[in-house]
Amino acid sequence: SINKPSLFCGTNYHFWKVQMKIFMEYVNRGIWSVVANGFIIPTHVVDNKTVEKPYESWSQEEIRKGEYDSKAMNIIPH
């Protein structure tokens, strides 16, 4: 179905993974990219220490990747 991803029944993981990849790319290619490469919370340097950036100071690109991460977590059945 185009409207919802297939559920993993415990067997044939490789087939299920391909179906999930296709579904996520159908929704938006960026979603699969975040799944495949991981999402890294944006950081910046303060007093020579790397710290997480507050959401309010994320760039548009960082916000977009964060949205892809949220959508991926919503798509993956649990």
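Read on for a plain summary of the structure. Just so it is clear, the structure is predicted and the values come from calculations on it, not from any experiment.

Conventions used here
Residues numbered from 1 in each chain as written. Predicted model: local features only at pLDDT ≥ 70, side-chain atom pairs only at ≥ 80, totals over all residues. Heavy atoms only, no water. Helix = DSSP H or I, 4+ residues; strand = E, 2+ residues; numbered from the N terminus. Contact = heavy atoms within 4.5 Å. Areas by Shrake-Rupley, 256 points an atom, 1.4 Å probe, with all protein chains shown as cover. Buried < 20%, exposed > 50% of the residue type's maximum accessible area, 1.4 Å probe, protein only. Polar contact = N/O pair within 3.5 Å; in protein donor to acceptor, adjacent residues only side chain to side chain. Axes fitted to C-alpha atoms, helices over the stretch in contact; angles between N-to-C directions. Parallel < 35°, antiparallel > 145°, perpendicular 65-115°, else oblique. Nonpolar A, V, L, I, M, F, W, Y, C, P; charged D, E, K, R; others polar. Salt bridge = Lys/Arg side-chain N within 4 Å of Asp/Glu carboxyl O. Core = buried A, V, L, I, M, F, W, Y, C linked by side-chain atoms within 4.5 Å.

### Concerning the overall build of the protein chain
Counting its secondary structure elements, the protein chain contains three helices and two strands. Reading the helices (α) and strands (β) of the protein chain from amino to carboxyl end gives α-α-β-β-α. Referenced to the eigenvectors of the C-alpha coordinate spread, the extents of the protein chain come out at roughly 50 × 20 × 15 Å. Contacts in the protein chain between residues at least 24 apart in sequence constitute 40% of all its contacts with a sequence separation of at least 6. Accessible surface computed for the protein chain: about 6100 Å², of which carbon and sulfur atoms make up 55%.

### Focus on helix H2 (residues 29–37)
Each full turn of the α-helix corresponds to 3.6 residues, which orients residues three or four apart in the same direction. Every buried residue of H2 is listed here: Gly-30, Ile-31, Trp-32 and Val-34. Of the surrounding secondary structure, the elements contacted by the buried residues of H2 are helix H1 (13–27) and helix H3 (60–75). For H2, the side-chain oxygen to backbone nitrogen distance between the N-cap and Gly-30 is 2.8 Å, and the N-cap itself is Asn-28. Trailing H2 by a residue or two, Gly-38 shows a phi angle of about 85°, which is positive.

### With respect to the packing of H1 against H2
It is at 5 Å that the axes of H1 and H2 come closest, and there the two elements cross at 135°. On the basis of the axis angle, H1 is oblique to H2. Contacts between H1 and H2 involve Lys-17, Lys-21, Met-24, Glu-25 and Val-27 from the first element and Arg-29, Ile-31, Trp-32 and Val-35 from the second. When its residues are assigned to classes, the contact of H1 with H2 shows five nonpolar, no polar and four charged.

### Some remarks on the pattern of salt bridges
For the coordinates displayed, the defined rule picks out five salt bridges. Salt-bridge contacts for Lys-53 lead to Glu-62; the nearest nitrogen and oxygen are separated by 3.0 Å. Given a relative accessible area of 17%, Lys-53 falls into the buried group. Between Arg-64 and Glu-61 there is a salt bridge, and its shortest N-O distance comes to 2.1 Å. On the criterion of helical spacing, the pair formed by Arg-64 and Glu-61 is a turn pair, its members being three residues apart in helix H3. According to the relative accessible area criterion, Arg-64 is partly exposed, its value standing at 35%.

### With respect to the side chain of Asp-69
Following the sequence through the fold, Asp-69 ends up in helix H3. The residues touching Asp-69, leaving out its near neighbours within four places in the chain, are Val-34 and Phe-39.

### Some points on the nonpolar core
Judged by nonpolar contacts, Trp-16, Met-20, Phe-23, Met-24, Ile-31, Trp-32, Val-34, Tyr-68, Ala-72 and Ile-75 together constitute the single largest core of ten residues. The set of elements that each furnish at least two residues to this core consists of H1, H2 and H3. When residues of this core are assigned to their parent elements, the largest contribution, four residues, is made by H1. Apart from residues lying up to four places away in sequence, Tyr-68 is in contact with Asn-28, Gly-30, Ile-31 and Val-34.

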